[in-house]
Amino acid sequence: MKTIIEPFRIKVVEPIRMTTREERQRKIAEAEYNPFRLKAEDVLIDLLTDSGTGAMSTHQWAGVMEGDESYAGARSFFRFEASVKSVFGHKHVIPTHQGRASERLLCAAVVKPGDVIPGNTHFDTTRANIEASHAEAVDLPIPEARDPENLHPFKGNMDLQKLEDLLNKEHHRVPFVLITATNNSGGGQPVSMANLREAKKVCDAFGVPLFLDAARFAENAYFIKLREPGYQDKTPREIAQEMFSYTDGALMSMKKDAFGNIGGVISLNSDAWAEKIRTLLILTEGFVTYGGLAGRDLEALAIGLEEVLEEDYLRYRIASTAYVGQHLDELGVPLLKPFGGHAIYLDGRRFCQHLPDEQLPGWALSVALYEHAGIRACEIGNVMFGKKLPDGSWQWPALDLVRLAIPRRVYTQSHMDYVVEAIGELYQQRQSIPGLEFVYRPDVLPHFSARFRLRS
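Below or above, wherever it landed, is the structure these notes cover. (Residues numbered from 1 in each chain as written. Predicted model: local features only at pLDDT ≥ 70, side-chain atom pairs only at ≥ 80, totals over all residues. Heavy atoms only, no water.)

**Considering helix H11 (residues 295–307)**
Taking 1.5 Å as the rise per residue, H11 with 13 residues should run 18 Å; its terminal C-alpha atoms sit 19 Å apart, in good agreement. H11 sits mainly inside the fold: 10 of its 13 residues count as buried. All buried positions along H11 are accounted for by Gly295, Leu298, Glu299, Ala300, Leu301, Ala302, Ile303, Gly304, Leu305 and Glu307. (Helix = DSSP H or I, 4+ residues; strand = E, 2+ residues; numbered from the N terminus. Expected span 1.5 Å × (residues − 1). Buried < 20%, exposed > 50% of the residue type's maximum accessible area, 1.4 Å probe, protein only.)

What follows is the structure, given as structure tokens:
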């Protein structure tokens, strides 16, 4: 069948409010042109993030009712621990309240000032936590990743030659290497099994641990099944287990590929590192068997980690995202290709060719998309990763993207058809999109709280 159907039925609905263009123009101006500052009730289709915005299943909600809220040693923790170990396979499982807490704890435990952390492409909070530890986050993507039109099947891969060269010179300053799968900042692109396997060999040669940022590991596993020879007959669980077998540890925001509204985990083999992390966890997150989460959250995450590896779900997830990309591509909208698993990425620079980088084309596009159709999206480009140099000039990232992150099990095909139609209309009017400039730009994670004004 050509029609993509959701592999679930809808039992509860949440109303969304329709707004007029005039209302939206007023609301985004009041938010000083930052979609993060909008009230959610004023958004029609919310594609700002897929993190914590998914819908839980009936089994997860049943698990919520079974949550053990004991402070220490709750049975919900042991359920959670067993679920994580069955997929990740590491010795220690440490719950946290979300992914950035996992990043902070790992960095606080093992990263020293002057250290270097190589990655395929670090995401915003990962980079911020590394830099807060006075270390350097170094991106080593393959060259194909910088070309939005290149159809390389695994553009999330790390450049292994550059990794080897860096470790050859700086391995004493590298506490771990981090590969993000799928590679969010690089357009939701997957990492191949071969790349993970060879990265592990390079790391082992220098005695450096390899960690996986596993927020979207299940989507990555399904891309391997679809695109990498030798994996077509393997289940997503088998593929995921092999992925983790090449790592010494993992960080995960379980608000993505565990269908959680909150939650995270650190999974690792080192006894010494686990002890340091647990000590720090008690200071700020809670006891080691709940890590800032309620027992009901641990139950829901344990179930979600199993559900996300169901092949019917993953087939629908990847196909429904590609549906949006294919229809936008047919309209001539400039996109990053091939399409990612959790999001479609608009190419802000090519969409708004009339705007120079200084006028923040990707961000301007995200504002215009809200004004035009009530759709909230997230820029991953000049605002998020641009750097002001000592001489006052700016260094812009290779790509200025607008991410349409699709929450799991939330929107139907008709919602996505509306998104496609709206973006197609906006593309025809693209020359009218005005540029923006900063009014206020914080030094850390600027996109969350920056304020802007229209360029006169």
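Next comes the rest of the write-up.
**Section: the nonpolar core**
In this structure, Phe88, Leu212, Phe217, Met243, Met252 and Met254 are the most contacted members of the largest nonpolar core, which totals 56 residues. For this core, the element with the highest residue contribution is helix H8 (residues 217–227), accounting for six residues. Among the nonpolar cores identified, the runner-up in size contains 49 residues, and Leu335, Leu360, Trp396 and Leu426 belong to it. (Core = buried A, V, L, I, M, F, W, Y, C linked by side-chain atoms within 4.5 Å.)

**Notes on the packing of helix H14 (residues 361–373) against helix H16 (residues 413–428)**
Between H14 and H16, the least distance of the axes is 10 Å, while the angle of their chain directions is 115 degrees. Here H14 is positioned roughly perpendicular relative to H16, judged by the angle of their axes. Between H14 and H16 lies a crossing whose hand is right-handed. Residues Leu365, Ala368, Leu369, His372 and Ala373 of H14 lie in contact with H16, whose contacting residues are Tyr418, Ala422, Ile423, Glu425 and Leu426. (Axes fitted to C-alpha atoms, helices over the stretch in contact; angles between N-to-C directions. Parallel < 35°, antiparallel > 145°, perpendicular 65-115°, else oblique. Left-handed = near helix turned anticlockwise from the far one by under 90°. Contact = heavy atoms within 4.5 Å.)

**Some words on the packing of aromatic side chains**
The final tally for this structure, using the stated rule, is 17 aromatic pairs. Each ring, one from Trp394 and one from Trp396, has its centre 5.2 Å from the other, and the planes form 5 degrees; the classification is stacked. (Phe/Tyr/Trp six-rings, centres within 6.5 Å; stacked < 30°, edge-to-face > 60°.)

**Notes on the sheet that holds strand S14 (residues 401–405)**
Read from one edge to the other, the open sheet built from three strands follows the order S9-S14-S11, with strand pairing classed as antiparallel. The two strands at the open ends of the sheet, each matched to only one other strand, are strand S9 (343–347) and strand S11 (378–380). In this sheet, neighbouring strand axes are inclined to one another by 35 degrees on average, regardless of whether the strands run parallel or antiparallel. Note that S9 and S14 share five bridges and pair antiparallel. Within S14, the position partnered with Tyr345 by the bridge is Arg403. Helix H12 (residues 311–330) rests against S9 and S14 of the sheet, and its axis sits at about 25 degrees to S9. On top of the sheet, H14 reaches S9, S11 and S14; it is set at about 40 degrees to S14, its chief contact. (Pairing = 2+ DSSP bridges.)

**Focus on the side chain of Arg24**
On the secondary structure map, Arg24 appears in helix H1 (residues 21–30). One buried charged side chain, Arg24, makes no salt bridge at all; its nearest oppositely charged neighbour is Glu23, positioned 6.6 Å away. Side-chain polar atoms of Arg24 contact the backbone oxygen of Glu371, separated by 3.0 Å. Look past the residues within four positions of Arg24 in its chain and what remains in contact with it is Thr19, Tyr370, Glu371, His372, Ala373 and Gly374. (Lys, Arg positive; Asp, Glu negative; His and termini not counted. Salt bridge = Lys/Arg side-chain N within 4 Å of Asp/Glu carboxyl O. Polar contact = N/O pair within 3.5 Å; in protein donor to acceptor, adjacent residues only side chain to side chain.)

**Overview of unusual backbone geometry**
The linkage connecting Ala181 with the following residue, Thr182, adopts the cis geometry, with an omega of -5 degrees. Tracing the backbone shows Thr182 in the loop between strand S5 (177–180) and helix H7 (193–205). One non-glycine residue, His134, lies in the positive phi region at around 60 degrees. The topology assignment puts His134 in the loop between helix H5 (124–132) and strand S4 (136–139). If you check the backbone angles, Phe259 has positive phi at about 55 degrees while not being a glycine. Examined against the element boundaries, Phe259 turns out to sit in the loop between strand S7 (249–253) and strand S8 (264–268).

**Section: the environment of Val110**
With respect to the helices, strands and loops of the structure, Val110 is situated in helix H4 (residues 99–110). Taking the C-alpha atoms as reference points, Val110 and Ile277, 167 residues apart in sequence, are found 8.7 Å from one another. Those residues within four positions of Val110 in sequence are excluded, and the remaining contacts are Asp115, Pro175, Phe176 and Trp273.

**Regarding the packing of H4 against helix H10 (residues 271–284)**
With their axes 9 Å apart at the nearest point, H4 and H10 run at an angle of 120 degrees to one another. Judged by the angle between their axes, H4 and H10 are oblique. Where H4 crosses over H10, the handedness of that crossing is right-handed. Contacts between H4 and H10 involve Arg104, Leu105, Leu106, Ala108, Ala109 and Val110 from the first element and Trp273, Lys276, Ile277, Leu280, Leu281 and Thr284 from the second. Its residues placed into classes, the contact of H4 with H10 shows nine nonpolar, one polar and two charged. (Nonpolar A, V, L, I, M, F, W, Y, C, P; charged D, E, K, R; others polar.)

Interpretation in functional terms is not warranted from these geometric data alone.
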